Amino acid sequence: MNNYLKTIGLEVHLELKSKNKIFSSSINGFGSSANTLINEIDLGYPGVLPIMNEEVINLGIKAAIILNCKINKKMHFDRKNYFYPDLPKGYQITQSRTPIGYDGYVEIERDGEVKRIEISDIHLEEDTAKSTHRQNESLLDFNRAGVPLLEIVTKACIDDPIDAKLYLEKLKELMLYADISDCKMEEGSMRCDANISVRKKEQDKLNEKIEIKNIGSISNVVLALEQCAKEQIEMYENNESIRAQTRRFDDKLNKTVLMRYKETVNDYRYFPEPDIPYVYLDDERIESIKKDIPLLPDELRRIYHEKGLNDISSNKLINNLSLSKFFNSFLDEEIDLVTASNLLLGDIASYLNKLEITIADTKLTKDKFISLVNKVSDNSLTSRNVKDILEDVLEKDLSLEEIIKEKGIANITDSNELSDLVDQVISANEASVTDYLNGHDRALKYLMGQIMKASQGKANPAMVNKILIEKLQLKKKNN
Amino acid sequence: MSKYLDLNIKEINELLKKKEIKVSDLVKEAIERIENSDLNAFITLCKEEALKKAEELDDKEVDNLLFGIPIAIKDNIVTKNIKTTAGSLMLNNFNPTYNADVVELINEKNMVIIGKTNMDEFAMGSSNQTSYFGPVKNPWNKTKVPGGSSGGNAACISSRLVPFALGSDTGGSIRQPSAFCGTVGLKPTYGRVSRYGLIAFASSLDQIGPMTRNVYENALLLNAICKKSKNDLTSSDTNEDFTRLIGEDIKGMKIGIPKFYISDVIDKDILDKFKEIVSLLEEKGATIDYVDIDYIDKCVPLYQIIALGEASSNLARFDGIRYGYAAKDIDNIDDLYYKTRSQGFGEEVKRRIMVGSYLLSGENVDVYYNNALRIRNAMRNSFLDKFNSYDLLIGPTTTTVAYDLNSDLDDPNKSFMDDVLTIPVNMAGLPAMSLPIGFSNDLPIGMQIIGKPEDEALIYKLGSFIEKELSLDLDPRGDKDE
């Protein structure tokens, strides 16, 4: 096995998050009843012509910038001709000669080492209808026909399935953060085809490759590539030759299954789409799109680190787009961001997960969150207080102060009262006090606990801590 | 039988305005004429719809010159709720749910669609003999072809069934039948008229245009159908009165004649008549020169490559799945495609799809299509260059007059060679008009006036001048119907 090198290339299709379809005014949506988001253009009726959705072009430019691509400033569309029931016009409008972006790359990090995955081109095209096959009939849903797609093609530059996985995760993160696509593999808004060939280490020339179509998840991409490589190596070891072919990955059986051989190269009869004139992308347009690109994960990681978040918190936040977006709106505020991230990733995240909602579905406003963070960081609210009020904070339209009042969370902040409390505990626990004075720091924690207990949890811990230490220091001095 | 439809548009308009006649009178007369005609000019006659529309209009104020006028629409222009066949069995059952942009525009003018006219199948042909609905006869001699592909239009305008028609021109499909039938037909600048709703033949060449009895009425109809459309990315911004130069003197006009247009492939009678016009123009103060256009002699093969390549793709949508003809007794999806397209398309259409598919296959797309686009561009530039020195170019529209029905049916190149003088105009995206200039053996001869892009108004100026000077009797009915 180790005598062989793998050569992998990936093709990713992303459905773009535009309001309308790429070449018609129909709504671009997922989950509606079949054949309700359609018009004559989507159905390829006689005499209809495509219109051009500028929003889709802008999303394409944004993706090109993020993927470090060069941009074709004079681009056109091409027709890819073939017959299939899900292809209403008998051709797909795509980009062949002048993809919107080319010669780009994505950086992945593996074991502290940064690697570039090279992208040969990214191009815009229309999606096909969705077919569902039943026994001896096929059903077609044209809601998907004309949904804008961005196809992202890497060079055959990947030599390890794990790198393929890291690339896909990074790509997904970028496209999600830039609001280009939902990237939901389970809904088909992100689809992945992979191709792989293997060859002996001493051999320079690449062998015939096998394409694996429509792999269902990123983790399956690794499994499928590993398995397909294994199958190919076995064949070469048995002196069998490999024909160019398309296979699919069966994850239950963990093996790849032949779909078709590709000896006769598909003749798609590409030619420039005469119904769409050249599209000219000027620098002004590109620059204005560049300016509007939100903070992307790598930049966010750097900022989070600067603000004192640890790597685990950073990554947790970045893996949760809506929490991260919410968090990012406080980056310029004068609040304790570590406390903020702990609150978001702790109690708030578990509340959201339990109800399967996002932060946007709650009543948590920016102001309310700032008060919450401030009250926790100056210790006016204990973590138990937070647990007690969180549901109300997220579900009610009230301000934090109103909720605290309503819940009867009254911290003892009167220093005389606290002083008395501390004195009582000190005189009742002389042994612990002695321990502390002899240098056993653990005793302090015990004393704190006793004071909080005596106050039924209502004492303000920060103040108690301060008063306790003052009093103990005084004792030390007097000794 | 009334004869309001023999009057010119201004006379009809006066009668309507004075309420001496009603729209219903015009529509009834048109229907009667069509029903009594044996030219096979119509595929669908919209009798009930037209009469209903006419009755609605009878109570309305006459607000423009085209108000209430019957119009025929070539059957490759989509009309809502009116069967639209493109002359093919493939669409014999197709009832569109939408209107072409031009149909919306003529509806805005309150014109009355009287019916859908016969045509070569999917506009592929130049004699109207490839129609699934049978050939159209030439009103001047019923043993002759009317030309094509807008043959039904030319025949019905010529024989005065209706005064206005909308056709389409990919390589000469408006101008060549206009020449054969003695009518006026204009192919506008590519992009002038929205193609939305025109069933595509060759997208980079197709253009809808007006077909009429005379030059003024042609300009009037062009006024009505020119408007930038949000539905067609190739449509251009346009707002002008195309009749505005009609009646002006032509003294000092500089006119070029491409040498290709006086070569010996053209019938002597046609050349002689054309030379008479040239003399007339010189006599009236125009200057005439002979010019060379690069690659113009290669226009037929260039056209075949571009038009058939595009057609093979445009006609792929007719697969029997969503609309149109679907073969019965099929085993699987490939069988559905194979049988539907074998049975639904006629021979000429299938031949063109096959040739076009071949031309786009594999390496061929570079060898043929992409090279043809480059040469076409060079030809266009050569044309544009001439317009630096000349106001207009002129030449005959066709190499022959109308020929016998059923002649040369075995020669697949015949229909392309018929268009050898009209194709260069489509290749260069220019506007051009054919108008009658005389007769050869009682069959009309047409000449072509070619303008620079967007210069239709100047074409109309010269056309109307010639028309007035010649004052030909262009009614094929002669004294027969008197």
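In this text, all values refer to a predicted model and were calculated from it rather than measured experimentally.

With that settled, the discussion passes to the overall build of chain B. When helices and strands are tallied, chain B shows 15 helices and eleven strands. Computed over its C-alpha atoms, the radius of gyration of chain B comes to 21 Å, within 12% of the 23 Å expected for a compact globule of 482 residues. In terms of its C-alpha atoms, chain B occupies a principal-axis envelope of roughly 65 × 55 × 45 Å. For chain B, buried positions account for 65% of its 482 residues. Considering only intrachain contacts with a sequence separation of at least 6, the fraction spanning at least 24 residues in chain B is 75%. Carbon and sulfur atoms form 46% of the exposed surface of chain B, whose accessible area is close to 17,400 Å².

The next subject is the overall build of chain A. Summing up its helical and strand segments, chain A has 15 helices and 16 strands in all. Relative to a compact globule of 479 residues, whose C-alpha radius of gyration would be 23 Å, chain A shows 30 Å and is clearly more extended. Taking the principal axes of the C-alpha coordinates as reference, chain A spans close to 95 × 55 × 50 Å. A separation of at least 24 residues holds for 69% of the contacts in chain A among residues at least 6 apart in sequence. Accessible surface for chain A amounts to roughly 24,200 Å². Of this, 46% is attributable to carbon and sulfur atoms. The centroid of the 66 positive side-chain charges in chain A is displaced by 2 Å from the centroid of its 80 negative side-chain charges.

All names here are of chain B. Tracing the chain through its elements places Ser24 in helix H2 (residues 23–35). Since its relative accessible area comes to 5%, Ser24 is described here as buried. If sequence neighbours within four positions are ignored, Ser24 has contacts with Ala54, Glu55 and Asp58.

In this section: the pattern of salt bridges. Under the counting rule described, the total for this entry stands at 65 salt bridges over all chains. Across the pair Glu406 of chain A and Lys396 of chain A runs a salt bridge whose closest N-O atoms are separated by 3.1 Å. One end of the pair, Glu406 of chain A, is in helix H11 (residues 400–406); the other, Lys396 of chain A, is in the loop between helix H10 (383–395) and H11, with ten residues separating them in the sequence. In this structure, the salt-bridge partner of Asp169 of chain B is Arg175 of chain B, at a minimum N-O distance of 2.9 Å. Considered together, Asp169 of chain B and Arg175 of chain B belong to a single accessibility category, that of buried residues.

Contacts between the two partners involve 41 residues from chain B, matched on the other side by 33 residues from chain A. Carbon and sulfur atoms make up 58% of the area that chain B and chain A hide from each other, which totals about 2,900 Å². Our count for the chain B to chain A interface comes out at two salt bridges. Across the salt bridge formed by Asp275 of chain A and Arg195 of chain B, the nearest N and O atoms sit 3.1 Å from each other. Linking chain B with chain A are 18 residue pairs in polar contact (both at pLDDT 80 or more), by the criterion used here.

Take the sheet that holds strand S9 (residues 392–396) of chain B next. Residue and element names in this part refer to chain B. Taken together, eleven strands build an open sheet; the order of strands is S1-S3-S2-S4-S6-S5-S10-S11-S9-S7-S8 and the sheet is mixed. Each end of this open sheet is capped by a strand with a single partner; those strands are strand S1 (42–45) and strand S8 (287–291). Averaged over all neighbouring strand pairs, the angle between strand axes comes to 30°, with direction disregarded. Pairing between strand S7 (residues 254–258) and S9: two bridges, direction parallel. Its bridge partner lying in S9, Gly256 is registered against Leu393.

A few words now on the packing of helix H8 (residues 337–355) of chain A against helix H9 (residues 366–377) of chain A. All names here are of chain A. In the contact formed by H8 and H9, the axes pass within 10 Å of each other and the chain directions differ by 105°. In terms of their interaxial angle, H8 and H9 are classed as roughly perpendicular. Counted together, Thr339, Ala340, Leu343, Leu344 and Ile348 of H8 and Phe369, Leu372, Val373, Val376 and Ser377 of H9 form the full contact between these two elements. When the residues that make up the contact of H8 with H9 are grouped by side-chain class, the tally is eight nonpolar, two polar and no charged.

Moving on to the nonpolar core. Within the largest apolar cluster, 164 residues are counted, with the highest numbers of intra-cluster contacts made by Phe122, Leu166, Leu281, Ile394, Ile449 and Leu462 of chain B. Considering each element in turn, this core owes the most residues, nine residues, to helix H9 (residues 299–314) of chain B. Beyond its immediate stretch of four places on either side in the chain, Ile394 of chain B contacts Ile255, Gly256, Ile257, Pro258, Phe274, Val278, Leu281, Met447, Gln448, Ile449 and Leu462 of chain B. The next biggest cluster of nonpolar side chains, apart from the first, holds 107 residues, and it includes Ile8, Leu67, Phe77 and Ile286 of chain A.

Let us now look at helix H11 (residues 347–360) of chain B. Between its first and last C-alpha atoms H11 of chain B spans 20 Å; for 14 residues at 1.5 Å apiece the expected length is 20 Å, and the two agree. Listing the buried residues of H11 of chain B in full gives Glu348, Val349, Arg352, Ile353, Gly356, Ser357, Leu359 and Leu360 of chain B. Looking down the long axis of H11 of chain B, one finds its buried residues gathered within 165° of arc, a one-sided arrangement. Opposite its buried face, H11 of chain B presents the exposed residues Glu347 and Met354 of chain B, each directed more than 90 degrees away. Packing partners of the buried residues in H11 of chain B comprise strand S15 (271–272) of chain A together with H9, helix H10 (333–344), helix H12 (364–386) and helix H13 (414–417) of chain B. One or two positions beyond H11 of chain B, positive phi appears at Gly362 of chain B, with a value near 50°.

Describing an aromatic ring pair means giving the distance of the ring centres and the angle of the ring planes. If you walk through the whole model with that rule in mind, you get 23 aromatic pairs over all chains. Arranged with centres 5.3 Å apart and planes meeting at 65°, the rings of Phe326 of chain A and Phe369 of chain A form a pair that is edge-to-face. You can see Phe326 of chain A sitting in helix H7 (residues 321–328) and its partner Phe369 of chain A sitting in helix H9, a full 43 residues away along the chain. Summarising the burial analysis for this pair, Phe326 of chain A and Phe369 of chain A share the class buried. Ring geometry for Phe318 of chain B versus Phe345 of chain B: centroids 6.3 Å apart, planes at 90°, classification edge-to-face. In this pair, Phe318 of chain B is assigned in the loop between H9 and H10 and Phe345 of chain B in the loop between H10 and H11, connecting sequence segments 27 residues apart. Counting every residue linked through ring pairs, the aromatic cluster contains Tyr45 of chain A together with Phe94, Tyr98, Phe122, Phe318, Tyr323 and Phe345 of chain B. A cation over a ring is seen here: Lys74 of chain A above Tyr278 of chain A, with NZ or CZ 4.3 Å from the ring centre. Positioned above the aromatic ring of Phe330 of chain A, the side-chain terminus of Lys366 of chain A is 5.7 Å from the ring centre.

With that settled, the discussion passes to the environment of Ile469 of chain A. Mapped onto the elements, Ile469 of chain A comes out in helix H15 (residues 461–478). When the C-alpha positions of Ile469 of chain A and Leu444 of chain A are compared, they lie 8.2 Å apart, and in sequence the two are 25 residues distant.

The next point concerns the state of the cysteines. Residues and elements named next belong to chain B. Within this structure, the stated rule accounts for zero disulfides over all chains. Looking at Cys46, it has no disulfide partner, and the nearest cysteine sulfur is the one in Cys156, 12 Å off. For Cys46, a relative accessible area of 2% gives the class buried.

Time to look at the domain arrangement of chain A. Interface size is often expressed as the accessible area that is lost when the parts come together. What the domain assignment reports for chain A is domain 1 (4–280), domain 2 (295–406) and domain 3 (415–478). Relative to domain 3 of chain A, the C-alpha centre of domain 1 of chain A lies at a distance of 66 Å.

Right, let's talk about the side chain of Gln95 of chain A for a bit. Residues and elements named next belong to chain A. Here Gln95 is to be found in the loop between strand S5 (91–94) and strand S6 (101–110). Note on Gln95: relative accessible area 3%, which makes it buried. Within the local environment of Gln95, its side chain forms a polar contact with the backbone oxygen of Thr98, the two atoms lying 3.4 Å apart. Of the polar contacts made by the side chain of Gln95, one reaches the backbone nitrogen of Ile100; its length is 3.1 Å. Apart from the residues lying within four places of it in its own chain, the contact partners of Gln95 are Met75, His76, Phe77, Asp78, Ile100, His123 and Leu124.

Reading guide: rules and limits
- Residues numbered from 1 in each chain as written.
- Chains lettered and ligands numbered in written order.
- Predicted model: local features only at pLDDT ≥ 70, side-chain atom pairs only at ≥ 80, totals over all residues.
- Heavy atoms only, no water.
- Helix = DSSP H or I, 4+ residues; strand = E, 2+ residues; numbered from the N terminus.
- Rg over C-alpha atoms; globule rule 2.2 N^0.38 Å.
- Buried < 20%, exposed > 50% of the residue type's maximum accessible area, 1.4 Å probe, protein only.
- Contact = heavy atoms within 4.5 Å.
- Areas by Shrake-Rupley, 256 points an atom, 1.4 Å probe, with all protein chains shown as cover.
- Lys, Arg positive; Asp, Glu negative; His and termini not counted.
- Charge placed at Lys NZ, Arg CZ, Asp CG, Glu CD.
- Salt bridge = Lys/Arg side-chain N within 4 Å of Asp/Glu carboxyl O.
- Buried area = accessible area lost by both parts, 1.4 Å probe.
- Polar contact = N/O pair within 3.5 Å; in protein donor to acceptor, adjacent residues only side chain to side chain.
- Pairing = 2+ DSSP bridges.
- Axes fitted to C-alpha atoms, helices over the stretch in contact; angles between N-to-C directions.
- Parallel < 35°, antiparallel > 145°, perpendicular 65-115°, else oblique.
- Nonpolar A, V, L, I, M, F, W, Y, C, P; charged D, E, K, R; others polar.
- Core = buried A, V, L, I, M, F, W, Y, C linked by side-chain atoms within 4.5 Å.
- Expected span 1.5 Å × (residues − 1).
- Arc of directions from axis to C-beta.
- Phe/Tyr/Trp six-rings, centres within 6.5 Å; stacked < 30°, edge-to-face > 60°.
- Lys NZ or Arg CZ within 6 Å of the ring centre and 35° of its normal.
- Disulfide = S-S within 2.5 Å.
- Domains from an automatic or database assignment.

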